[in-house]
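Here are the chains, one letter per residue:
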Amino acid sequence: MGEEVSDGGHRLGSYLRARRELVTPSQVGLPTGGRRRVPGLRREEVALLAGISPDYYLRLERGRDRNPSPQVLESLARVLQLDDIERMYLLDLAAARPRAPRRKRSEQVPARVYELLAHLQIPAFVEGRAFDVLASNPMAVAFSPRLRPGQNRLRSLLLDPEERAFHQDWTKATANFIATLRTTIGDDIDNPRFVELVGELALSSQRFRTLWARHDVRNLDGGTTTVHHPVVGDLRLHRDKLPIDDVILVVYYPDKDSDSDEKLRLLASLAQTGTADDQTGVGRPDASSDRPTR
């Protein structure tokens, strides 16, 4: 994941620098005139507004001071206009301590969840922490072929042209997914799956490189989204994410008796008759295939 996550000090400094560059002088009441080499605040401006010395702030950004006080961090969060999630992320970065590597283990879908997927008549699937699709029901695959087991939702979103056409607001979707990935990684920076995915997308997607450099963090727990399905047209659906053991059950569902509800029932009918994509039952990874690990 690059030198930014090589240790706690560098990660903290990279985060501070990235957020500083996103705050304009006018947002904090400073004059905007004159030539500026950086798009956001200068280091000395952040230090002045936070009530700390420029030299101390420079040490923080360069990873030379690993123990800033909570008061300093709260002041920096205020100056950098961090929301609650971003502020907690900043505090966690400063609190990070060296730890033993975590034992690698597979993300297992409980048997009962396969039974649940088989009974649900709405798009439903199971994902891992890195957005790997671990299992899905026929409605999920009819909803999007990219929801078959073995696919990765973030990779599909960034690299598959059909996925870009599928989302009404692809720009917002990519920003949310990438910010959520950074939040999910947290201090689990030596996780082989995260290292592999970030490395792959950094090489293959300019959009990923741009957003990853912003250090945005966000929780993607649920919400409402609109997609354009190639068969039934626009669907406005709610999305909920439900933790089950070490995995996440994701479900999409419409408002009752809405236009999207009618279209989803049509999609279900097409899936049953085989008019939509191949629907052969609840998706399970082949026993011979590599399972995503964490």
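In this text the structure is predicted, and so the values were computed from the model without any measurement. (Residues numbered from 1 in each chain as written. Predicted model: local features only at pLDDT ≥ 70, side-chain atom pairs only at ≥ 80, totals over all residues. Heavy atoms only, no water.)

A. Representation of the pattern of salt bridges. Applying the stated rule across the entire model yields 20 salt bridges. A salt bridge links arginine 193 to glutamate 196; the nearest nitrogen and oxygen atoms lie 2.7 Å apart. Note that arginine 193 and glutamate 196 are positioned in helix 11 (residues 192-204) at a spacing of three residues, about one turn of the helix. Note that arginine 236 is salt-bridged to aspartate 255, the shortest N-O span being 3.4 Å. Placement of the pair is arginine 236 in strand 4 (residues 233-244) and aspartate 255 in the loop between strand 5 (247-253) and helix 13 (259-273), with a sequence separation of 19 residues. Relative accessible area serves as the criterion here: at 42%, arginine 236 is assigned to the partly exposed category. On the basis of relative accessibility, which here comes to 36%, the residue aspartate 255 falls in the partly exposed class. Linked through salt bridges whose partners overlap, the residues forming this network are Arg19, Glu86, Arg214 and Asp216. (Salt bridge = Lys/Arg side-chain N within 4 Å of Asp/Glu carboxyl O. Helix = DSSP H or I, 4+ residues; strand = E, 2+ residues; numbered from the N terminus. Buried < 20%, exposed > 50% of the residue type's maximum accessible area, 1.4 Å probe, protein only.)

B. Spatial organisation of the pairing of strand 3 (residues 222-229). In the sheet, strand 3 pairs with strand 4 via eight bridges, with the strands oriented antiparallel. Each residue of the ladder has a partner; that of histidine 229, found in strand 4, is glycine 233. From the end of strand 3 to the start of strand 4, which pair antiparallel, there are three residues. (Pairing = 2+ DSSP bridges.)

C. The arrangement of the sheet that holds strand 5 in detail. Read from one edge to the other, the open sheet built from five strands follows the order 2-1-5-4-3, with strand pairing classed as antiparallel. With one partner strand each, in any of the chains shown, strand 2 (133-136) and strand 3 form the two edges of the open sheet. Between one strand and the next, the sheet's axes are offset by a mean angle of 30°, whatever the strand orientation. As paired strands, strand 1 (residues 124-127) and strand 2 are joined by three bridges and run antiparallel to one another. The residue of strand 2 that forms the bridge with phenylalanine 125 is serine 136. (Axes fitted to C-alpha atoms, helices over the stretch in contact; angles between N-to-C directions.)

D. Region of the structure containing helix 5 (residues 84-95). Its twelve residues give helix 5 an end-to-end C-alpha distance of 16 Å, which sits within 8% of 16 Å, the value for a rise of 1.5 Å per residue. All buried positions along helix 5 are accounted for by Glu86, Tyr89, Leu90, Leu93 and Ala94. End-on, the buried residues of helix 5 take up no more than an arc of 135°, which puts them together on one face. Two or three places before isoleucine 85, at the start of helix 5, stands the capping residue aspartate 83, its side-chain oxygen 3.2 Å from that residue's backbone nitrogen. (Expected span 1.5 Å × (residues − 1). Arc of directions from axis to C-beta. Polar contact = N/O pair within 3.5 Å; in protein donor to acceptor, adjacent residues only side chain to side chain.)

E. Structural detail: unusual backbone geometry. Phi is positive for glutamine 81, which is not a glycine, with a value near 55°. Locating glutamine 81 in the fold gives a position in the loop between helix 4 (70-79) and helix 5. Given a relative accessible area of 40%, glutamine 81 falls into the partly exposed group. Positive phi values are uncommon outside glycine, yet aspartate 257 reaches one of about 65°. Summarising the element assignment, aspartate 257 is placed in the loop between strand 5 and helix 13. The class of aspartate 257 is exposed, set by a relative accessible area of 61%.

F. Molecular detail of the packing of aromatic side chains. Scanning the model with the defined rule gives six aromatic pairs in all. Their ring planes at 65° and their centres at 5.0 Å tell us that tyrosine 15 and tyrosine 89 sit as a pair that is edge-to-face. Of the two residues, tyrosine 15 is situated in helix 1 (residues 8-20) and tyrosine 89 in helix 5; the sequence distance between them amounts to 74 residues. Tyrosine 15 gets classed as buried once you look at its relative accessible area, which sits at 1%. On the accessibility criterion, tyrosine 89 (11% relative accessible area) is buried. Aromatic side chains phenylalanine 208 and tryptophan 212 sit 5.2 Å apart centroid to centroid with 20° between the ring planes, which places their arrangement in the stacked category. Here tryptophan 212 and phenylalanine 208 lie together in helix 12 (residues 206-212), a separation of four residues that amounts to about one turn. Assigned by exposure class, phenylalanine 208 and tryptophan 212 land together as buried. Members of the aromatic cluster, connected to one another through ring pairs, are Phe125, Phe143, Phe166 and Tyr252. One residue, arginine 146, lies across the ring of phenylalanine 166, its end atom 5.4 Å from the ring centre. (Phe/Tyr/Trp six-rings, centres within 6.5 Å; stacked < 30°, edge-to-face > 60°. Lys NZ or Arg CZ within 6 Å of the ring centre and 35° of its normal.)

What is shown is where atoms sit, not what they do.
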